[in-house]
Amino acid sequence: MDHAAAVAASSAPRVSLLRRALHAAAALAMFCPAVFEPAGASDAATQVGPLSRRVASYDIQVRLDPVRHLLSGRQHVTWRNDTSHAATELRLHLYLNAFKNDRTTFMKESGGVHRSSRMREGGWGYIDITSMRLEDGTDLLAGAEFVRPDDGNADDETVLRVPLVPMADPVGPGGGIALDIEFTARLPRVFARTGYKGTFHLVGQWFPKLGVLQEDGWNCHQFHNHSEFFADFGSYDVSITVPSGFVVGATGAPAGEPVSSPDAVTYRFVQDDVHDFAWTADSRYLKVVRWFRAEEQRDPAEERRMARALGIPADSEEIRLSDVEVTLLIHPEHRALIDRHFAAAFHALRYFGYWYGRYPYQTLTVVDPAFGASGAGGMEYPTFITAGASFVAPKSRLSPESVTIHEFGHQYWYGMVASNEAEEAFLDEGFNSYSTGRVLQRAYGDNGETVELAAGVPYMAAPLLEIPRRPDALTRKAAPSGAAAWLMDLVWLRPFGPSDDLTLNAVRDLAPLTYMRGARIDEVTSWRRRYLRAPLADDLARRSWEYVDTESYGLNSYARTALMLSTLEGILGEDQMLRTMRAYFQRYRFRHPAMRDFIATVRETTGRDLGRFFEQAVFSSGVMDYAVADLSSEMPTPGRGYFGSVEPGAQRGEPAEPAERPRTEQDNSEGALQKVLIARKGEFRWPQEIELLYDGRAPVRRDWDGEYRWTRLLESGPKPASVRIDPDSKMDLDINRANNSRASESRPLAAVTWWCRLLRWTQHVLYFYSGLS
Amino acid sequence: MRTALKGFRAAAANARLLGWLLAANLALAACAVSPLLRPLDETLSRNPEAAGLARRFDTSWWLDVTTSRADAISAVLDAAGAAALLSALLGCFFAGGLLQAYHDTLGGLPMDRFMTSCRRWAGRFAWLFALSLPLYWLVHRMLNYHLVLALDRFMEGVADERVGLAISLGRSMMFLLCFDAVTLVADYARVHAIVKGERSMLASLSSGMRFVVLHPWRAGSLEAMAVGLQLIALAVSLPLSNLVERGGGTLWGVLLALAAGQAFLLLRFFLRESAHAAQVASYRDFLASSR
């Protein structure tokens, strides 16, 4: 391990004796779980005492050098062994080492590109522990070593194993330990959620953080391209020293007034019952503070709906909200979006609070990342979220609303229900996508489809067809390879510019004429669009680094999980789904649940064993696709052949003439036989509803168990005008809804209309190319 | 303005030739998009919501079409690519006849002479097109790659998004202008070839480049007028198009939309050929004045 000398370690403020005494008292209290049992099922906001089992608490003092983007820090960590086995070692995350060089596991897996950011030369980061001692001064660093439990990559230094034995005693069950750690770190140029750009600093995953000791050992994974984070709850007390003129925001609430020195200011933030701490500093921030006042932000209609669904009075405490101080740190060029940020945050506080339980913390900080630092946006930390906005922000695009609500939602799914983001990323991302979608639909309706006419210039329209562009100069994504791809490249004259530039595309396509202006998209369709890119790539439930690629990780963790939940809602009904989700949240907040816990909650709250549903939807990659294969009518005809007793002549051995069966009353009726063929095209089997719609008659519904490859309905009577599978659109997992219905009459003009629109687009594209010559 | 009017008159006199351009464009486009007719029919004709879907765009329905018929979509895009290249080559074919028509007569060129000119110049103009591709590549490489990388480094020092947006938009506009400039150079190269009877396309290209660089106002003003007229045509066509679209799903609606679409495209061809005819007139005037 690199034991480079501490940089300005002595400049980090020393921990005072009084503070040490207070920490010792708190640690003692922590080591007595009987005294500080967490909230359990009762309402967290009114609870006096800890909300969580405070296993790992941190008291950190850190100084930022914004010129060299260095952190020098000192932390006092208290940790309790919450298992039934003795702990002979500790394991810590050193996440910033993922950005140390291009050989780390993260950089190898990502290829140096993460979301919209790429690692730049000179933009590397690292973290270096310079001292680690027990309270009695025992040095633990000498025996520490980097370990690589996931892939054995010798160049990866994101997990540090610290043996306790023989330097110290193992920590017995229920016992505790306190460490003093000194460290230095260099932030990367904004990459993978953290870093700097100019004066903007978003400081996430920046301190040595303990893993989670579980019954079967340490859960402390390396930092992967697709994985996020997992840690124990505890208390954080962080003092941040920055040069004067910087505005600072962080997890938690400010504790006391900032302390000024000649060239620096120290801000102190505290927060109990969280499992991470992030902060930000920038000299360009505008700081705007508003209060979410519960009484002013009520939605009586929603309260009544909740009361009905939960079977409680509308004025019950269970659906009361609490006051929250919301701080927005926003850059000056986005000041026109201040109200929109707050409106989104308030909608999120309101509806998440109603549906799952009130937000238990007193503060929420929303950060607008700097221009060119979008890699730091769209991220969640306890009581601290980063959004992301553009200067040109049409209201119908729902940006920054969508990201603000989504990142707030993570306060519930990840922040409080602290599932393992590395092993079950879908549990927080997918659950949050589902919840976010519900809030967005409730508060704003559908989103507007957007294309970019140039970088940062949105046009609210959707192209019907898109000629694929080659990757641009700023990404390292590989162009499609192979002879066919090369040939199509040439045919489109792509190496020479056409089709590679956003603005030229718009001119080529004549966007105002050929694109669908004002196209809207609802949340379910946006999830389906993502899911359908590769529905067979992976099972939904995989550890985050084990998906086949980034796209599979994204569509499975986010979209497919959201669709799974919305389909479950279709099966259970809206009210029952609300009760189930609320029960899951209430039971597992401030704990570390797994998917099996959610499945158990579904079983307990519904009284139904939906194991088969989850087996197919979560633990396999089978897709659902039911289709109306045919709809036809058959008129009754007179029968031919032998009916009843045979002619006497035939009894004598003479051949008998076949005779028509005499027409009966039934034959003379008007009703024909309607045949409906329903097919199962996917491997996912689930009962389906089928609806036959008639002109001037009430619709008829039939059930099918959905098991075999097909079923045929035979109905006497008039021909139905149309047949629909899943008439109430509950089965959001169905990968093709266009085949879910069929009309008896054909209307070819609709298809011709759309074909003509595609023809128009093609003609204008060809017009462009003919103009080159 | 006088030159532009000459261009309008010349294009109008040869309006029937524009019909050939439109017919070729329509035929190529129809062939390219034909693989989608059957999938659209299968997904829409028996859809109970067909009448509504004909008039409005439903993202969910379109998503189902494009994913369940991904192969057909892919085939259409491949075919459109091939059609685009063919379109460029057909442009080379027709360019000779059209420019000859603008150069020779104001009363309209007989069809046989038109086709003779087309055949005579097709090969040379195809070669000229190939010669122009490196210029496009250079512009694309410089402005969409090297400048983008340089600006990306420069943007590290830009804190305000408005400044960044302006720089980014500026680069985009610069690329558009330079791309159009290359097209203009090729246009004047063809004009030079026709007016001077120049057989060497390298010499023509060089003359075209010289003309555009040394007489930017003369070349640029005609081009700006042409672009402006195209924008006006678009602005007029948009509300009409919206009106016509409302009749989608009915026979008259389909026919009206088709007719309106072809009429607008014909107008675009007319405006473009007017600009080419004006280029011929302008170049001739330039040569006359420089003698």
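The rules behind these values
Residues numbered from 1 in each chain as written. Chains lettered and ligands numbered in written order. Predicted model: local features only at pLDDT ≥ 70, side-chain atom pairs only at ≥ 80, totals over all residues. Heavy atoms only, no water. Helix = DSSP H or I, 4+ residues; strand = E, 2+ residues; numbered from the N terminus. Contact = heavy atoms within 4.5 Å. Areas by Shrake-Rupley, 256 points an atom, 1.4 Å probe, with all protein chains shown as cover. Buried < 20%, exposed > 50% of the residue type's maximum accessible area, 1.4 Å probe, protein only. Lys, Arg positive; Asp, Glu negative; His and termini not counted. Charge placed at Lys NZ, Arg CZ, Asp CG, Glu CD. Buried area = accessible area lost by both parts, 1.4 Å probe. Salt bridge = Lys/Arg side-chain N within 4 Å of Asp/Glu carboxyl O. Polar contact = N/O pair within 3.5 Å; in protein donor to acceptor, adjacent residues only side chain to side chain. Nonpolar A, V, L, I, M, F, W, Y, C, P; charged D, E, K, R; others polar. Pairing = 2+ DSSP bridges. Core = buried A, V, L, I, M, F, W, Y, C linked by side-chain atoms within 4.5 Å. Axes fitted to C-alpha atoms, helices over the stretch in contact; angles between N-to-C directions. Phe/Tyr/Trp six-rings, centres within 6.5 Å; stacked < 30°, edge-to-face > 60°. Lys NZ or Arg CZ within 6 Å of the ring centre and 35° of its normal. Parallel < 35°, antiparallel > 145°, perpendicular 65-115°, else oblique. Left-handed = near helix turned anticlockwise from the far one by under 90°. pLDDT = per-residue confidence, 0-100. Patch = residues over 30% accessible without salt bridge, like charges linked within 9 Å, V, L, I, M, F, W, Y side chains within 5 Å.

**Concerning the overall build of chain A**
Logical step 1: Within chain A, the regular secondary structure consists of 16 helices and 38 strands.
Logical step 2: Put simply, of all contacts in chain A between residues at least 6 apart along the chain, 76% involve residues at least 24 apart.
Logical step 3: Put simply, chain A shows about 29600 Å² of open surface, and 51% of that area lies on carbon and sulfur atoms.

**Looking at the overall build of chain B**
Logical step 1: Of the regular secondary structure elements, chain B holds 11 helices and zero strands.
Logical step 2: Helices (α) and strands (β) of chain B occur, in sequence order from the N terminus, as α-α-α-α-α-α-α-α-α-α-α.
Logical step 3: Along the first, second and third principal axes, the C-alpha atoms of chain B reach 70 × 60 × 35 Å.
Logical step 4: Looking at the 291 residues of chain B, the share that counts as buried comes to 50%.
Logical step 5: Contacts spanning at least 24 positions in sequence make up 78% of the contacts within chain B whose residues lie at least 6 apart.
Logical step 6: Total accessible area on chain B stands at roughly 13000 Å², and carbon and sulfur atoms take up 68% of it.
Logical step 7: Taking the average location of the 27 positive side-chain charges in chain B and that of its 20 negative ones, the two points are 13 Å from each other.

**Topic: helix α5 (residues 59–68) of chain B**
Logical step 1: Counting buried positions along α5(B) yields seven of 10 residues, so the element is predominantly enclosed.
Logical step 2: Looking at α5(B), one finds that the buried residues are B:T59, B:S60, B:W61, B:W62, B:L63, B:D64 and B:V65.

**Comments concerning the interface of chain A and chain B**
Interfaces are often described in size by the accessible area the parts lose on coming together.
Logical step 1: With 90 residues of chain A in contact, the opposing surface of chain B contributes 97 residues.
Logical step 2: Carbon and sulfur atoms make up 65% of the surface buried where chain A meets chain B, a total of about 8100 Å² over both sides.
Logical step 3: Where chain A meets chain B, there are 10 salt bridges.
Logical step 4: Ionic pairing is found between A:R120 and B:E156, a salt bridge with its closest N-O pair at 3.4 Å.
Logical step 5: Summed over the shared surface of chain A and chain B, the number is 38 residue pairs in polar contact (both at pLDDT 80 or more).
Logical step 6: Considered class by class, the residues forming the side of chain A that touches chain B number 49 nonpolar, 18 polar and 23 charged.

**Some thoughts on the environment of A:G152**
Logical step 1: As for its position among the elements, A:G152 is in the loop between β7 (145–146) and β8 (159–163).
Logical step 2: Separated by 70 residues in sequence, A:G152 and A:Q222 have C-alpha atoms that sit 9.8 Å apart.

**Examining the sheet that holds β7(A)**
Residue and element names in this part refer to chain A.
Logical step 1: The strand order β7-β8-β3-β12 describes an open sheet built from four strands, whose pairing is antiparallel. The sheet is open, and its two borders are formed by β7 and β12 (209–210), each paired with just one other strand.
Logical step 2: Relative to β8, strand β3 (residues 89–93) runs antiparallel, the two being bridged by five bridges. Residue H93 lies in a different strand from β8, and its bridge partner there is V159.

**Here's the deal with the nonpolar core**
Considering soluble globular proteins, one finds that nonpolar side chains tend to be buried as a cluster.
Logical step 1: Residues A:W79, A:W206, A:W279 and A:F614 are the most contacted members of the largest nonpolar core, which totals 180 residues.
Logical step 2: A:L758, B:V65, B:Y283 and B:L287 belong to the second-largest nonpolar core, a separate cluster that totals 101 residues.

**Quick notes on the sheet that holds strand β35 (residues 697–704) of chain A**
Residue and element names in this part refer to chain A.
Logical step 1: Strand order in the open sheet formed by four strands is β35-β34-β37-β38, and the pairing between neighbours is antiparallel. Two strands lie at the open edges of the sheet, namely β35 and β38 (741–743), each paired on one side alone. When strand polarity is set aside, the average angle formed by the axes of neighbouring strands in this sheet is 15°.
Logical step 2: Taken together, the three bridges between strand β37 (residues 722–725) and β38 define a ladder with antiparallel strand orientation. Residue pairing for β38: R724 is matched across the bridge by S741.

**Some details on the pairing of strand β27 (residues 451–454) of chain A**
All names here are of chain A.
Logical step 1: Alignment of β27 against strand β28 (residues 457–459), held across three bridges, turns out to be antiparallel. Residue pairing in the sheet places E452 in a bridge with P458 of β28.
Logical step 2: Taking the residues between adjacent antiparallel strands as the criterion, β27 and β28 are bridged by two residues, where G456 takes a positive phi near 85°.

**Regarding the packing of aromatic side chains**
Any two aromatic rings considered together are summarised by their centre-to-centre distance and by the angle between their planes.
Logical step 1: One pass over the full model with this rule turns up 66 aromatic pairs over all chains.
Logical step 2: Residues B:F8 and B:F270 carry aromatic rings whose centres are separated by 6.1 Å and whose planes lie at 20° to one another, so their mutual orientation is stacked. Here the residue B:F8 occupies a position in helix α1 (residues 2–13), and B:F270 occupies one in helix α11 (residues 251–290), the gap between them amounting to 262 residues.
Logical step 3: Taking the relative accessible area as the measure of exposure, B:F8 reaches 25% and is therefore partly exposed.
Logical step 4: Looking at A:R697, its charged tip hangs above the ring of A:Y694, at a distance of 4.5 Å from the centre.

**Some points on the packing of helix α7 (residues 111–154) of chain B against helix α8 (residues 161–196) of chain B**
Residues and elements named next belong to chain B.
Logical step 1: Between α7 and α8, the shortest axis-to-axis distance is 10 Å and the interhelical angle comes to 165°. The orientation of α7 relative to α8 falls into the category roughly antiparallel. The way α7 lies across α8 gives a crossing that is right-handed.
Logical step 2: Of the residues in the contact of α7 with α8, the class split is 21 nonpolar, four polar and two charged.

**What to know about the packing of helix α4 (residues 338–355) of chain A against helix α5 (residues 401–409) of chain A**
Residues and elements named next belong to chain A.
Logical step 1: At a minimum axis separation of 9 Å, α4 and α5 run at an interaxial angle of 40°. When the interaxial angle is binned, α4 and α5 end up oblique. Judged by the twist between their axes, the crossing of α4 over α5 is right-handed. In this structure, α4 contributes R340, H341, A344, A345, A348, L349 and F352 to the contact, and α5 contributes E401, T404, I405, F408 and G409.
Logical step 2: When grouped by side-chain class, the residues that make up the contact of α4 with α5 number seven nonpolar, three polar and two charged.

**Structural notes on the confidence of the model for chain A**
Residues and elements named next belong to chain A.
Logical step 1: Summary statistics for chain A give a mean pLDDT of 90 and a share of 90% for residues scoring 70 or more.
Logical step 2: Counting contacts from residues 1–15, a segment whose pLDDT is below 50, to residues more than four positions away or on other chains yields 31 contacts.
Logical step 3: Predicted confidence for residues 27–43 stays below pLDDT 50, and this span has 36 contacts to residues more than four positions away or in other chains.

**A word on a nonpolar patch on the surface**
Logical step 1: A cluster of nonpolar side chains, A:W486, A:L487 and A:L490, forms an exposed patch at the surface whose accessible area comes to about 320 Å².
Logical step 2: With a relative accessible area of 56%, A:W486 lands in the exposed category.

**Focus on the confidence of the model for chain B**
All names here are of chain B.
Logical step 1: Here chain B averages 92 in pLDDT, and 99% of its residues register 70 or above.
Logical step 2: Mean pLDDT per element in chain B: α1 is the minimum at 85, and α8 is the maximum at 95.
Logical step 3: Both scores are given for the predicted complex: the pTM is 0.91, the ipTM 0.97.

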